[in-house]
Amino acid sequence: MAYISASKPPQLKPRLFSDLSRSSHPFSIKSLYFCSLSSPEPAADHPPDPDPGTHVSTPRPAPENPNGEETANRRIPRGKHRNPEKNEDIICRMMANRAWTTRLQNSIRNLVPEFDHSLVYNVLHSARNSEHALQFFRWVERTGLFQHDRETHHKIIEILGRASKLNHARCILLDMPKKGVEWDEDLFVMMIDSYGKAGIVQESVKMFLKMEELGVERTIRSYDTLFKVIMRRGRYMMAKRYFNKMLSAGIVPTVHTYNIMIWGFFLSLKVETANRFFEDMKSREISPNAVTYNTMINGYYRIKKMEEADKFFLEMKGRNIEPNVITYTTLIKGYVSVGRVDDALRLLEEMKSFGIKPNDVTYSTLLPGLCDAEKMSEAQRILLEMAERYIVPKDNSIFMRLITGQCKAGDLDAAADVLKAMIRLHIPTEAGHYGILIEHFCKARVYDQAVKLLDKLIEKEIVLRPLCTLEMEPSSYNPMIEYLCNNGQTEKAETLFRQLMKMGVQDPVAFNNLIRGHSKEGTPGSGFELSKIMVRRKVPSEPSAYKLMIDSYLKKGEPADAKTALDSMIENGHHPDSSIYRSVMESLFEDGRVQTASRVMKTMLEKGVKEHMDLVAKILEALLMRGHVEEALGRIELLMDSELKPDFDSLLSVLCEKGKTIAALKLLNFGLERDFNIDFSSHEKVLDALLAAGKTLNAYSILFKIMEKGGVTDWSSCEELIKSLNAEGNTKQADVLSRMIKGKDKGLGSKRGKKQATMAYQFS
C-alpha cells in the first residue's frame, strides 16, 4: 500500500497541455481556464492586519499579458466589491474587542505609523463608547503621537458631555491653554448645556461665570444656553436676573432669546410674565416668528384657555406668518383637551387644505379625543389615512383604545381593521389586543372569527413575548376556552392556557373548563394531569369537573383510574354524590376488582352515605367467597357502626351452598359474639355444612356457642355430631356434648365444656 508523507505534500504534474510552457503562442495560459471545471478567482484586497503577530502570506502577482491586452476572460467575482476597511474603523474595532493594554497600543502603532488630524478626529468620532474615546485621546497626547488642536478638544468634550462624564470634560477644557490651545465660546456653551442636561444647574451657572473670569467673551449664544438650562429647571427668577444683566451689558436679545424666556415662563405657569415679555419683544421691534406664536398657543393650551390661543392663532395669520404642523397640532391638542373634538377635526381639514400634512403627533393627539367622544367612524377614517401614509405613532396605546372603542360601538369589523393596520405599520401586536377582539367576538357569538384570531395568537406565541405589556384578561380567554372545550377543541384551548400559565396565570375557571372538555372528549387522563397541577399550585377545583372526569373514565372502561380520580376529589375537600360512589363501585365490581370496590364502599360509609345496600351485599358476598373474610368482617362492623344491618342469613346461606364452610363459620361466630340477630335455620345450615365437610371440631365449637346463647338445634344433628366426634377420637368433646344435650352435669358443661369448645375453635 502506498502512503502519502505528511511532511511533504504531493505535487501533481499536469499531463494535459504539458508543452504549453514551451510554446510561443501569444496568449496566456490563463486564457485556457475556461476549459477547466473550476477557475481560480483573483485575490481580493486585504485590509491591514490589526495584530502584527499574525502573518498572512502575500498572494503572488498575476503574470502580465505579453500583448498588453486586458484579460477579458478572467472570472469576475459576483456581488458587490467590498471596500477596504479604513484605519480609524480598524482601531475602533480593536478598542471595542480588546482591553486597553500596552499590547493593544503597540498594535495600533504598528498599524498606523503616523497619526494625523483626520485620523485622530475620526477615531474619536467613531469610538464605540466614551471610555474608548477618552483613552485614545489621552494616549496619543501622552505618547507624543499627536498634538491636539481645537477641533479634537471640541469633539472629546462633546463626547464626554453626552456621556455625562462632566468632570473629565471640565478638566480637559480648563487644561487647554497649557497645551497652547485657546478657548472659545462654543466650548463653554457646550459645557453649560451638558451640565444642564445632567440636571446640575449650579455648575452650568458656574461655567457661565467662569467665562468672564477667564476672559472668554460671552455673546447672546451663551446667555441663550444659560436661559434654557435654568428655565428647564423652573428657575424663572434667576432667568429674569440674568436677562436684566444681559441688557445691562449691552447685549441685545434676539427672537430666539425671547422664545426661550416665554417658553420657560409658561413652563412655570407664569402666564402674565410670559405675556409681558411677548409685548416687550414687540416694543423692541423684534418681530415674533412662528416659534414664538407656537409657544404662546402651547402655553395657553396648557392652562386650557383656548380662546386666548385662538387670538394668537388669528394674530399669527394677520402678520402673514404661515402656521406649520406644530401650530395646528398644538391647537388640535388644546381642543381635544377641552372636549371640542369637532373644532379639532375642522382644524385637521384646514391644515390639509393648505397642504400641511399631519404627522404622527397630530394623529396621536386627535385619535384619543375621538375615542372619548365616541366618534368611532371618524377615528376609523383617520386610522386608514395613517396606514396609507405609513405614519407610526410614538405611543402605541392609542391602538388599544381604538380597538376597545370600536368593540363598544359594536363595529367588530372596524376593530379587526385596527389590528390589520398595526400589522401594516409593523407595530408589534400584543396579547391584550387579540384578547379584546376575542372577548367581543365571543360575546357576539361570532366564534369562527374568534378562533381565527386565537390561531394567530397561538402560532406566533404572542402571549410569550417578553416585552408584552398588555396581557389577556380572564374575560377574554375564559369564554374562548369554554367554547373550545364545548366544541371538541380542548387541545387547542389547553395550548393557549399553557402559554398563559408560563406567564403566571392560574385561573380556576379555565382549569375546570379544560378538565370538563377533556372528559367530554374521552381523554380524562389529560384532565387528571391538569387536576394534579391544580393541587400543586393550590388552585380551587369544582366538583362538577371531577364528576365528568370520573364518568369519562368509567365510559372508557377504566374503573381503577376512576377510583383514583374519586380519591383526588375527596382529598380536595369535595363531597361526591351518592350516584358517583355507586357508579365506581359497580364498575369495579363488574371488572372483578372486589377489594378495590370494597375500599370505595368503606370511603362511602365513612363519608356518611347510607345507600346502595344491594350493591354492598354483593361486595360482601364476593369478599367472603374469595376468602377475604377479615376484610368483609371489618366492612360489616363498619356497617353496624353506621346503623346498617347486613343480611347475615342470606350471606350464610350462600356460603353454605357454595361450600365455603370456614367463611360461614367465621361469619356466624362474628355474629354470635356481637349478639346479632341470626335465624336458627342459618345455624343449622352452617352445622350441616360443617358436618358434611367433616369438620366436626368446628361444628362442636359453634354448636357449643349456639347452645350457650340459648339456641335450639335439631337433636338428630347433635347425635350425628356426637357419633362423628367419637369416631374421630374426640371422646371428651363427645361426652361433654352428650351430657349437655341430656341435661346432665350442667355445671361441667358450663365450665369444662366451654373451655374445650374454645380450644376446639382455636384449633380449627
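As the structure is a computational prediction, the values presented were derived from the model and not from experiment.

Caption draft 1: Highlighting the overall build of the protein. Counting secondary structure elements, the protein contains 39 helices and zero strands. Expressed as a percentage of the 764 residues in the protein, the buried residues total 45%. Within the protein, residue pairs in contact and separated by at least 24 positions form 63% of the contacts whose partners lie at least 6 positions apart.

Caption draft 2: The packing of helix 23 (residues 474-486) against helix 24 (residues 490-502), seen in detail. Where helix 23 meets helix 24, the axes come as close as 7 Å, and the angle between the chain directions of the two elements is 150°. Here helix 23 lies roughly antiparallel to helix 24, going by the angle between them. As helix 23 packs across helix 24, the resulting crossing turns out to be left-handed. Here helix 23 contributes Tyr477, Ile481, Leu484 and Cys485 to the contact with helix 24, which in turn contributes Thr490, Lys492, Ala493, Leu496, Phe497 and Leu500. Considering only residue class, the contact of helix 23 with helix 24 consists of eight nonpolar, one polar and one charged.

Caption draft 3: The arrangement of the packing of aromatic side chains in detail. Counting across every chain of the model gives 22 aromatic pairs. Centroid distance Trp100 to Trp139: 5.7 Å. Interplanar angle 85°. Geometry classified as edge-to-face. Placement of Trp100 in the loop between helix 1 (87-97) and helix 2 (102-111) and of Trp139 in helix 4 (residues 130-142) is noted, with a sequence separation of 39 residues between them. In this structure Trp100 comes out as partly exposed when scored by relative accessible area, which is 23%. Taking relative accessible area as the criterion, Trp139 reaches 1% and is therefore assigned buried. Arranged with centres 6.1 Å apart and planes meeting at 45°, the rings of Phe227 and Phe243 form a pair that is tilted. With Phe227 in helix 9 (residues 220-232) and Phe243 in helix 10 (residues 236-248), this pair connects stretches of sequence that are 16 residues apart.

Caption draft 4: Molecular detail of unusual backbone geometry. Even without being a glycine, Asn320 presents a positive backbone phi close to 60°. Assignment of secondary structure puts Asn320 in the loop between helix 14 (306-318) and helix 15 (325-337). Taking the relative accessible area as the measure of exposure, Asn320 reaches 71% and is therefore exposed. One non-glycine residue, Glu461, lies in the positive phi region at around 50°.

Caption draft 5: Looking closely at a negative patch on the surface. Taken together, the side chains of Asp679, Glu684, Asp688 and Glu720 present a region of like negative charge at the surface. Looking at where Glu720 falls in the secondary structure, it is placed in helix 37 (residues 715-727).

Caption draft 6: Looking closely at helix 32 (residues 629-641). Taking 1.5 Å per residue as the helical rise, helix 32 with its 13 residues ought to reach 18 Å, and the 18 Å between its terminal C-alpha atoms agrees with that figure. Of the residues making up helix 32, those classed as buried are Val629, Glu631, Ala632, Leu633, Arg635, Ile636, Leu638 and Leu639. Along its buried surface, helix 32 packs onto helix 30 (594-606), helix 31 (613-625), helix 33 (648-657) and helix 34 (661-673). Once helix 32 ends, the next one or two residues include Glu643, with phi positive near 65°.

Caption draft 7: The arrangement of helix 11 (residues 255-267) in detail. Here helix 11 contains 13 residues, and its C-alpha end-to-end distance of 18 Å stays within 8% of the 18 Å for a straight helix at 1.5 Å per residue. All of the buried residues in helix 11 are Thr257, Tyr258, Asn259, Ile260, Met261, Ile262, Gly264, Phe265 and Phe266. Of the surrounding elements, those touching the buried residues of helix 11 are helix 9, helix 10, helix 12 (271-283) and helix 13 (290-302). Positive phi shows up at Leu269, right after helix 11, with a value of about 60°.

Caption draft 8: Representation of the nonpolar core in the model. Grouped together as the largest cluster of nonpolar side chains are 227 residues, with contacts concentrated most on Phe115, Phe136, Leu402, Ile438, Leu457 and Leu496. Apart from residues lying up to four places away in sequence, Leu402 is in contact with Leu367, Cys371, Met376, Ala379, Leu383 and Val418.

Caption draft 9: Quick peek at the side chain of Glu494. With respect to the secondary-structure elements, Glu494 resides in helix 24. At 2.6 Å, the side chain of Glu494 and the side chain of His518 are in polar contact. Every residue in contact with Glu494, bar those within four places of it in the chain, is listed here: Leu514, His518 and Leu530.

Caption draft 10: Expanded view of the packing of helix 15 against helix 17 (residues 360-372). Orientation of helix 15 relative to helix 17, taken along the N-to-C sense of each, is 15°, at an axis distance of 9 Å. Put simply, helix 15 runs roughly parallel to helix 17. Seen from above, helix 15 lies across helix 17 with left-handed handedness. For the pair helix 15 and helix 17, the contacting residues are Val325, Thr329, Ile332, Lys333 and Val336 in the first and Val361, Thr362, Thr365, Leu366 and Gly369 in the second.

Definitions and limits used
Residues numbered from 1 in each chain as written. Predicted model: local features only at pLDDT ≥ 70, side-chain atom pairs only at ≥ 80, totals over all residues. Heavy atoms only, no water. Helix = DSSP H or I, 4+ residues; strand = E, 2+ residues; numbered from the N terminus. Buried < 20%, exposed > 50% of the residue type's maximum accessible area, 1.4 Å probe, protein only. Contact = heavy atoms within 4.5 Å. Axes fitted to C-alpha atoms, helices over the stretch in contact; angles between N-to-C directions. Parallel < 35°, antiparallel > 145°, perpendicular 65-115°, else oblique. Left-handed = near helix turned anticlockwise from the far one by under 90°. Nonpolar A, V, L, I, M, F, W, Y, C, P; charged D, E, K, R; others polar. Phe/Tyr/Trp six-rings, centres within 6.5 Å; stacked < 30°, edge-to-face > 60°. Patch = residues over 30% accessible without salt bridge, like charges linked within 9 Å, V, L, I, M, F, W, Y side chains within 5 Å. Areas by Shrake-Rupley, 256 points an atom, 1.4 Å probe, with all protein chains shown as cover. Salt bridge = Lys/Arg side-chain N within 4 Å of Asp/Glu carboxyl O. Lys, Arg positive; Asp, Glu negative; His and termini not counted. Charge placed at Lys NZ, Arg CZ, Asp CG, Glu CD. Expected span 1.5 Å × (residues − 1). Core = buried A, V, L, I, M, F, W, Y, C linked by side-chain atoms within 4.5 Å. Polar contact = N/O pair within 3.5 Å; in protein donor to acceptor, adjacent residues only side chain to side chain.

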